[in-house]
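Breakdown of the fold
The chain contents come next:
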Amino acid sequence: MAKIKIASEITGAVWKITTQVGQSIAAGEPLMILESMKMEIPVVSEDGGTVREILVKEGDAVQEGQIVAIVEG
Amino acid sequence: MPHEETLAEFEERRARVRSMGGEAKLAARRSQGVLNARERIARLVDPDTFVEVGEFGTSILPEQSADTPADGKIVGYGKIAGRMAAVVSNDFTVKGASSSAVNGRKIAHMKRVATQRGLPVVFLGESSGARMPDTMGARGMGTMLGNDPMQYQRMRETPWASAVLGSCFGSSSWYACCSDFNVMRKGAVLAVSSPLLVSKAVNEAVDAEELGGWRLHAEVTGLADQVVDSDEAALDAIRTFLSYLPSHHNEPPPRAAVPAGSGAEMAGIAGLVPERRSQVYDMRRIVRCIVDKDSYFELKPRFGKAITAGLARIDGRTVAIIANNPLHKGGAIDTDACDKATSLLVMADSFNIPLVLLVDTPGFVIGREAEVRRAPGKIMNFMNALSLVTMPKISIVLRKSYGQAYLNMAGGRNSDEMAVWPTAEISFMEPAFAASVVTNAGPGDPGYEAALQKMQRETSVWDIASIFAAQAVVRPDQTRDYLKQMLETHEMRMTRGVGQHLMRTWPTSY
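Along each chain, numbering runs from 1 in the same order as the chain's sequence is written. Chains and ligands are labelled by the order in which they are written, letters from A for the one and numbers from 1 for the other. Under the rules for a predicted model, residues below a pLDDT of 70 receive no local features and side-chain atom pairs below 80 are neither given nor counted, while totals for whole chains, interfaces and linings still include all residues. As a convention, hydrogens and water are excluded, and side-chain values are obtained from all of the structure's heavy atoms.

**Things to note about the overall build of chain A**
A tally of helices and strands in chain A yields zero helices and eight strands. Ordered by position from the N terminus, the helices and strands of chain A form the series β-β-β-β-β-β-β-β. Principal-axis analysis of the C-alpha atoms gives chain A an extent of 35 × 20 × 20 Å. The classification of residues rests on relative accessible area computed with a 1.4 Å probe and restricted to protein chains. Under 20% of the type maximum is buried, over 50% is exposed, and intermediate values are partly exposed. Within chain A, the fraction of its 73 residues that count as buried is 40%. Pairs at least 24 apart in sequence give 56% of the contacts found in chain A among residues at least 6 apart. Accessible areas in this description were obtained via Shrake-Rupley with a 1.4 Å probe; residue shielding takes into account the shown protein chains only. Put simply, chain A shows about 3,500 Å² of open surface, and 51% of that area lies on carbon and sulfur atoms. Asp and Glu count as negative and Lys and Arg as positive, but His and the ends of the chain are not part of the count. A charge is said to be at NZ when it belongs to Lys, at CZ for Arg, at CG for Asp and at CD for Glu. Taken as two groups, the 6 positive and 11 negative side-chain charges of chain A have centres that lie 6 Å from each other. Helix numbers and strand numbers start at the N terminus; a helix is a DSSP run of H or I with at least 4 residues, a strand a run of E with at least 2. Here, two residues are considered to be in contact whenever any of their heavy atoms come within 4.5 Å of each other.

This is the structure:
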């Protein structure tokens, strides 16, 4: 089981966290939604697995490339 | 010598060449599920069409000639879907398919004939770099390398396609980067030099996958246009890629039959775009709906994902698609997406392929990270490339089109026809940001809401249609029909479908 670091692909703010630690997710399923450029931008894992860590909270500012969650898959 | 003996020698020599690097090495490949160089050619070309050239070439050094069948690079001509192509297949079982004086001549011959006669070139890559110790020393270098000034020159007279099918250092990686299409098999490596040399020369411990594996080139460098799981899938991808291209730059791409069921999903296309303007969606579903059934051949799908780009057919005609994908970065165009769009523009310009642009972008990504990545330069490369394409350009705005991105996505006179969906909104800046900048205020502050409402009203498609800055307002469900008609209208009748190729020397590997 590999630990996959999930990075934000854009600078913005965490609008809504839609998963929780321990939850199973499918490939392409959103972990959270960011707000940037007036758009709601999902953060997705390319691979399915189990959410092991969520490293941000709603309202946090995030930078492009910042690791926001760890998925084990 | 009697003819019988002469022919027996011929057959014996041929059998030795066909045995390649020996049964032990070939068996090891079979056990790994990897095709050998001859099996790859057989899979690539139509049955019984391959004619080998230079099969009796060997190392230029007499003491190595017995150990170097075909000198490690198998070349020749064969048909791909009925059209002739030149093929270079690296035989890793012979001295790691290392580059030598003789096999360099064989490749040069393939490229020369392909260029003169109008044939695509396919490179099946797996090579260890320049042959050592032959190239060592000043005499070695002078003999083996640098004797062909055209070796890595690219003028795009004919399409080049490459597959990275094993360790690719040296010429295999160079040709992959010079090609119009590069497919990579998982497990293969594309790099300047091997992990061993890296560890010796710069004391960096790095494994091959990290150094030049598929994830690096699919997601970070963009040097892989597609990634597949097997040799067979890579060879099939090259056949598919070439099916969209002309054999050379002086003819239009071939026209294909239109598959049954094409356009069958058009009635539901508007429903694929969320009504709430801040919500994202996957533009690739829109593309697949519009183009001929199963014809979208996406390029660099994991790189610069805010734009989806690729080849497709509409009414059997090859088109290049450049479309914002709001699913990633909300459709905000980053520098990788600029590079991806630019490289497809170069290909479209070089090989007479009309462009279709589908627009839904809030603009370019801004911020320090974007500037560090040379965003202004990338945006202008993209814009200049668009302006240099002499093929028909048709742009359709689905939803947002703002600022400089409006120009880059072929807004206004940057396309031959610009159409808008009734859902489109066009302005210099996202109204919420503009209202804030103009009033120096935010939500709830005096003046802000009134400014915002006015700016939102002014993004209407009816305004741009009324001044004929858009040539049509198109119902979403009629988009395919509109494009079919525009592609026919804008056929390049005066030049038999051939453009000016103003970017044929542009590099695309950046």
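**Brief notes about the sheet that holds strand β5 (residues 39-44) of chain A**
All names here are of chain A. Pairing between strands is defined by DSSP: at least two bridges between them are needed. The antiparallel open sheet is built from four strands, whose spatial order is β5-β4-β2-β7. Edge positions in the open sheet fall to β5 and β7 (61-62), since each of these has one partner strand only. Examined bridge by bridge, strand β4 (residues 30-36) and β5 share six bridges and lie antiparallel to one another. Across the sheet, the residue bridging to L34 is I41, located in β5.

**Overview of the nonpolar core**
All names here are of chain B. Residues L124, I238 and L311 are the most contacted members of the largest nonpolar core, which totals 94 residues. Summarising the domain contributions, this core has at least three residues from each of domain 1 (2-20 + 33-145 + 155-244) and domain 2 (266-428 + 459-493). Leaving out residues up to four positions away in the same chain, L124 has contacts with R40, I41, L44, V87, V88, S89, N90, A163, L165, L235 and I238. Take the buried Ala, Val, Leu, Ile, Met, Phe, Trp, Tyr and Cys residues and link them wherever side-chain atoms come within 4.5 Å; each set so joined is a nonpolar core. If you look at the next biggest cluster of nonpolar residues, it comprises 29 residues, including Y281, C289, I314 and Y482. Residue ranges for the domains originate in an automatic or database domain assignment.

**Topic: the packing of aromatic side chains**
Residues and elements named next belong to chain B. In this scheme Phe, Tyr and Trp rings, the latter by its six-membered ring, pair at centre separations within 6.5 Å, and the angle between planes marks the pair as stacked below 30 degrees, edge-to-face above 60, and tilted otherwise. Counted according to the given criterion, the structure contains nine aromatic pairs over all chains. Judged by centre distance (5.3 Å) and plane angle (65°), the ring pair of F123 and W160 falls under edge-to-face. With a gap of 37 residues between them, F123 in strand β4 (residues 121-127) and W160 in strand β5 (residues 160-168) connect regions that are remote in the sequence. Judged by centre distance (5.5 Å) and plane angle (50°), the ring pair of F181 and F297 falls under tilted. One end of the pair, F181, is in strand β6 (residues 181-185); the other, F297, is in strand β9 (residues 297-299), and 116 residues separate them in sequence. According to the relative accessible area criterion, F297 is buried, its value standing at 8%.

**Concerning the pairing of strand β2 (residues 73-80) of chain B**
Residues and elements named next belong to chain B. Taken across its eight residues, β2 has seven buried, putting it largely inside the fold. The pairing of β2 with strand β3 (residues 83-90) spans eight bridges and is classified as antiparallel. Considered in β3, the bridge of V75 is made with V88. What sits between the antiparallel neighbours β2 and β3 is a turn of two residues, in which A81 has the positive phi angle 50°.

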